[in-house]
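# Per-entry structural report
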Amino acid sequence: MADQYAYSGDDKRPTEIPAIRWEEPPEGPVLVLLDQTRLPVEEVELVCTDASALVEAIRSLAVRGAPLLGIAGAYGVALAAVRGFDVEEAAAALASARPTAVNLAVGVRRAQAAHEDALAKGGDIREAAAAALAAARQLHREDAEASARMAEHGLALLDELLPGGGHRILTHCNTGSLVSGGEGTAFAVALAAHRAGRLRRLWVDETRPLLQGARLTAYEAARSGMAYTLLTDNAAGSLFAAGEVDAVLIGADRITADGSVANKIGSYPLAVLARYHHVPFIVVAPVTTVDADTPDGASIEVEQRAGHEVTEFVAPQVPVTGAEAGGGIPVAPLGTQAYNPAFDVTPPELVTAIVTEEGAVSPVTAEALAEVCARSRRVSAG
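Residues numbered from 1 in each chain as written. Predicted model: local features only at pLDDT ≥ 70, side-chain atom pairs only at ≥ 80, totals over all residues. Heavy atoms only, no water.

### Section: the sheet that holds strand β6 (residues 199–205)
With mixed pairing, the seven strands of this open sheet are ordered in space as β7-β6-β5-β8-β11-β16-β17. Among the strands making up the open sheet, the edge pair consists of β7 (228–231) and β17 (359–361). Between one strand and the next, the sheet's axes are offset by a mean angle of 25 degrees, whatever the strand orientation. As paired elements, strand β16 (residues 353–356) and β17 share three bridges and run antiparallel to each other. Bridge pairing links I354 to V361 in β17. Where helix α5 (residues 125–161) meets the sheet, it contacts β5 (167–171), β8 (247–250), β11 (281–284), β16 and β17, and its direction lies at approximately 145 degrees from that of β16. (Pairing = 2+ DSSP bridges. Helix = DSSP H or I, 4+ residues; strand = E, 2+ residues; numbered from the N terminus. Axes fitted to C-alpha atoms, helices over the stretch in contact; angles between N-to-C directions. Contact = heavy atoms within 4.5 Å.)

Given below as structure tokens:
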């Protein structure tokens with residue numbers, strides 16, 4: 001069993017609760033995660049002392065969201081290095097923990113490369129571990145900075161497409177500070193609109209089957225004092241038909257070279273609805289989410305999750321006597337098979353714009369995406 005344990009604090013936390021942080025107590029370095037499976041009922045932290053604990057946390061969705069997975073993967077490599085575990089083995093386990101989110105593998109490779117480079121230059125094990133940790137911390141800082149720039153670019157795009165303010169934004173899954181080193185991706189844009197007095201309403205899809213919208217986005221919106229309303233995923237069409245949606249903002253777990261967007265299951269139907277109702281469909285994601293090595297949406301490996309997430313209803317901190325494998329309340333007959341892909345893929349022709357820290361790409365083409373990625377590399381090199 002991985003060395004992973006939880007503790008809950010009674011102290012009042014600031015508005016921004018860090019979803020991840022590195023700590024160095026006397027007994028040795030640890031990675032501390034806010035357990036997102038326990039929200040919004042309680043704020044509980046998981047303390048990981050090795051990479052296997054972090055892999056378990058990633059697979060259980062205690063830590064989730066593309067940018068944050070990249071940060072977690074980098075810290076996981078550093079944790080293995082600092083504590084004297086096999087770095088190559090830890091990196092392989094972390095990178096494969098969730099196959100669709102490209103940021104996870106990017107973060108792992110970045111810290112692993114820093115570790116290998118330090119050894120290749122004659123550094124000892126301690127210096128190599130320090131290099132891996134420095135790389136993870138740098139990625140963490142860069143993501144926070146990218147989040148702020150995406151919010152700025154996203155708000156400018158909204159104001160261009162929807163002059164006059166009073167934006168009514170529909171969002172899916174969770175894309176705030178719980179998935180980022182900063183204030184998030186799509187949620188950060190909505191938050192910027194709120195702070196500028198230009199957000200009229202945030203429509204929050206509950207996001208079945210694991211309710212990341214209801215549990216996490218509503219939690220962040222409430223903490224931020226935003227005007228928000230929760231709806232079931234299948235109620236979105238009625239909102240569009242009533243003319244109550246001005247724009248759809250979502251994040252992404254992987255964007256392919258041609259601009260296809262893999263995001264939480266339920267995103268593609270929103271894109272179809274948005275196109276039919278002539279509503280902008282905007283994806284907000286850092287450049288690290290663009291995977292130039294995956295040519296198109298058909299080439300994306302979509303994670304298939306356990307059926308009990310669909311056949312059982314799981315609520316935080318609700319004890320169920322005699323519960324089955326998932327620990328939830330059965331909502332389907334015993335033995336029911338379930339189709340449970342974690343993501344779907346939206347083709348580029350349905351995407352109005354992709355907003356990155358380097359600016360907005362619209363229309364979405366392979367050439368425009370490649371230029372944004374090249375610009376980002378030039379900025380990093382400079």
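### Some details on the nonpolar core
Counting 40 residues, the largest nonpolar core has L31 and L33 as the members making the most contacts within it. Looking at this core, the elements with two or more residues in it are β2 (20–23), β3 (30–34), β4 (44–48), α1 (51–59), α2 (66–82), α3 (87–95), α4 (102–120) and α5. Sort the elements by how many residues they give to this core and α2 lands first, with eleven residues. For L31, the residues in contact, after removing those within four places along its chain, are I20, R21, W22, L46, V47, C48, L54, A72, Y75 and L79. Membership of the second largest hydrophobic core comes to 29 residues, among which are A236, I250, V287 and V364. (Core = buried A, V, L, I, M, F, W, Y, C linked by side-chain atoms within 4.5 Å. Buried < 20%, exposed > 50% of the residue type's maximum accessible area, 1.4 Å probe, protein only.)

### Some points on the environment of T288
The residue T288 is located in the loop between β11 and β12 (290–291) in this model. On the basis of relative accessibility, which here comes to 31%, the residue T288 falls in the partly exposed class. Remark: the alpha-carbon pair of T288 and D246, spanning 42 residues in sequence, is separated by 28 Å. Other than its neighbours up to four places away in sequence, T288 contacts V102, N103 and V106. Within polar-contact distance, the side chain of T288 engages the side chain of N103 at 2.9 Å. (Polar contact = N/O pair within 3.5 Å; in protein donor to acceptor, adjacent residues only side chain to side chain.)

### Remarks on helix α6 (residues 186–195)
Taken across its ten residues, α6 has eight buried, putting it largely inside the fold. Listed in full, the buried residues belonging to α6 are A186, F187, A188, V189, A190, L191, A192 and A193. Buried positions along α6 lie against α5, β5, β6, α7 (212–223), β8 and β11. Two residues or fewer past α6, G197 is found with a positive phi of approximately 75 degrees.

### Comments concerning the sheet that holds strand β15 (residues 343–346)
Across the sheet, four strands lie side by side as β12-β9-β10-β15; this open sheet has mixed pairing. A strand with exactly one partner marks an edge of an open sheet, and here the two such strands are β12 and β15. Bridge count for strand β9 (residues 254–256) against β12 is two bridges, and the pairing is parallel. When the sheet's bridge partners are listed, T256 is paired in β12 with D291. Docked against the sheet, helix α9 (residues 267–276) engages β10 (261–264) and β15, running at close to 30 degrees with respect to β15.

### Examining the environment of V204
Its location among the elements puts V204 in strand β6. In the structure, V204 is positioned 18 residues away from A222 in sequence and 11 Å away in space, judged by C-alpha atoms. In this structure, V204 is in contact with T171, G213, T217, A218, Y228, T229, L230 and L231, ignoring residues within four places of it in sequence.

### Let's talk about the layout of surface pockets
Here the largest pocket is characterised by a volume of approximately 850 Å³. Lining the largest pocket are 35 residues, with V106, R110, V287, T288 and S376 sitting closest to its centre. Put simply, the parts of the chain that give the lining of the largest pocket at least two residues each are α2, α4, α5, β12 and α11 (366–381). Broken down by element, the lining of the largest pocket gets its largest block of residues, seven residues, from α4. (1 Å grid on protein atoms, 1.4 Å probe; cavity = no way out; pocket = protein on both sides within 12 Å on 5 of 7 lines; lining within 4 Å. Points joined across faces, edges and corners; volume = space filled by probe spheres on them.)

### Some thoughts on a negative patch on the surface
A grouping of D86, E88, E89 and E116 is seen on the molecular surface, where their side chains present a negatively charged patch. Relative to the elements of secondary structure, E116 occurs in helix α4. (Patch = residues over 30% accessible without salt bridge, like charges linked within 9 Å, V, L, I, M, F, W, Y side chains within 5 Å. Areas by Shrake-Rupley, 256 points an atom, 1.4 Å probe, with all protein chains shown as cover. Salt bridge = Lys/Arg side-chain N within 4 Å of Asp/Glu carboxyl O. Lys, Arg positive; Asp, Glu negative; His and termini not counted. Charge placed at Lys NZ, Arg CZ, Asp CG, Glu CD.)

What is shown is where atoms sit, not what they do.
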